[in-house]
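Each chain is listed here by its residues.
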Amino acid sequence: MPEHTPAPTPSRAVYGFAMYLSFRSFFILYLVWAVIPDEWFKLVGITCLPQRYWAVTVPVFLLTVLAIFAFFIYPSLGLLMTPNVDDLRTIRDTTSTKKRKSKSFFSMQNYGTCGECSCVNKESCLKDDYQKNCGDYVVKAIPVLQDLPIWEVSDHLYFK
């Protein structure tokens, strides 16, 4: 079974070229119908044509629908899906971590302590060297990525 890719294939190229030619020819026929007087069509023998009113009405109607959708309906759908300003979901999502009761997010105590040795080869273990410098590693460690509670951020920024 062939893989579905957006890459051009021979059948897509043929269909695309056929659509290009058909739309180009329909547009030229539309312009001829909209511009050439009715007398010329009667000379050729074409007597059953729509009124010229539709040559202007249909494009104006389509542009009006597009403008209403682009400027009113689409932004309104976005606003309907957005929570209110005073909703807690605007500052915290469902995957964020819960607030730790005993520790502050701004203290260095959150970064852990020196752990146990997990080496496969115990003869070449460097646990002793690691434990000598463990305090430096913990202090220099990059904290885990997580959401900060808005209350603690406000306390840190405005009440200290």
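Residues numbered from 1 in each chain as written. Predicted model: local features only at pLDDT ≥ 70, side-chain atom pairs only at ≥ 80, totals over all residues. Heavy atoms only, no water.

- An unreviewed UniProt entry lists the protein chain under the name PIG-P domain-containing protein, with Zophobas morio given as the organism.
- In UniProt, the protein chain has this text filed under Subcellular location (unreviewed entry): "Membrane". (UniProt positions renumbered as here; feature names shortened; annotations may be inferred.)

1. Quick look at the pattern of salt bridges
Then, in step 1: Under the defined criterion, the tally for this structure stands at one salt bridge.
Then, in step 2: Residue D38 pairs with R52 through a salt bridge whose shortest N-O separation is 3.0 Å. Taken together, the positions of D38 in helix α2 (residues 38-44) and R52 in the loop between α2 and α3 (53-81) put the pair 14 residues apart, joining distant regions of the chain.
Then, in step 3: Since its relative accessible area comes to 38%, D38 is described here as partly exposed. (Salt bridge = Lys/Arg side-chain N within 4 Å of Asp/Glu carboxyl O. Helix = DSSP H or I, 4+ residues; strand = E, 2+ residues; numbered from the N terminus. Buried < 20%, exposed > 50% of the residue type's maximum accessible area, 1.4 Å probe, protein only.)

2. Looking at the environment of R92
Then, in step 1: You can see R92 is positioned in the loop between α3 and α4 (127-132).
Then, in step 2: R92 sits in the partly exposed class, given a relative accessible area of 22%.
Then, in step 3: Each C-alpha atom, one on R92 and one on L148, is 8.7 Å from the other, the two residues being 56 residues apart in sequence.

3. A word on the UniProt feature "transmembrane region" (unreviewed entry) in the protein chain
Then, in step 1: Mapped onto this numbering, the UniProt entry annotates "transmembrane region" (unreviewed entry) at residues 12-33 and 53-74.
Then, in step 2: Taken end to end, residues 12-33 is 100% helix and 0% strand, and its two terminal C-alpha atoms sit 31 Å from one another.
Then, in step 3: End-to-end, the C-alpha atoms of residues 53-74 are 30 Å apart, and along that stretch the chain is 100% helix and 0% strand.

4. So, the packing of aromatic side chains
Then, in step 1: Here the structure, examined in full by the defined rule, presents four aromatic pairs.
Then, in step 2: Here F69 and Y74 contribute two aromatic rings whose centre-to-centre distance is 5.9 Å and whose plane-to-plane angle is 45°, an arrangement assigned as tilted.
Then, in step 3: Taking relative accessible area as the criterion, F69 reaches 39% and is therefore assigned partly exposed.
Then, in step 4: Site record: aromatic cluster; members linked through ring pairs are F27, Y30 and W33. (Phe/Tyr/Trp six-rings, centres within 6.5 Å; stacked < 30°, edge-to-face > 60°.)

5. Remarks on a nonpolar patch on the surface
Then, in step 1: Together, I68, F69, F71, F72, I73, Y74, L77 and L80 line one region of the surface with nonpolar side chains, adding up to about 920 Å² of accessible area.
Then, in step 2: In this fold, I68 is placed in helix α3. (Patch = residues over 30% accessible without salt bridge, like charges linked within 9 Å, V, L, I, M, F, W, Y side chains within 5 Å. Areas by Shrake-Rupley, 256 points an atom, 1.4 Å probe, with all protein chains shown as cover.)

6. Focus: the confidence of the model for the protein chain
Then, in step 1: For the protein chain, the mean per-residue pLDDT works out to 79, and 70% of the residues sit at or above 70.
Then, in step 2: Ranking the helices and strands of the protein chain by mean pLDDT puts α3 first, with 95, and helix α5 (residues 134-140) last, with 59. (pLDDT = per-residue confidence, 0-100.)

7. Observations regarding the packing of helix α1 (residues 10-35) against α3
Then, in step 1: Running from amino to carboxyl end, α1 crosses α3 at an angle of 130°, the nearest separation of the two axes being 8 Å. As far as their axial angle goes, α3 and α1 are oblique. Of α3, the residues touching α1 (which contributes Y30, W33 and A34) are W54, A55 and P59.
Then, in step 2: Taken together, the residues of the contact of α1 with α3 break down into six nonpolar, no polar and no charged. (Axes fitted to C-alpha atoms, helices over the stretch in contact; angles between N-to-C directions. Parallel < 35°, antiparallel > 145°, perpendicular 65-115°, else oblique. Contact = heavy atoms within 4.5 Å. Nonpolar A, V, L, I, M, F, W, Y, C, P; charged D, E, K, R; others polar.)

8. Description of α3
Then, in step 1: Between its first and last C-alpha, α3 extends 40 Å over 29 residues, near the 42 Å set by a 1.5 Å rise per residue.
Then, in step 2: The largest bend in α3 is about 40°, located at F69. (Expected span 1.5 Å × (residues − 1). Bend = angle between axes of the 7 residues up to and from the residue.)

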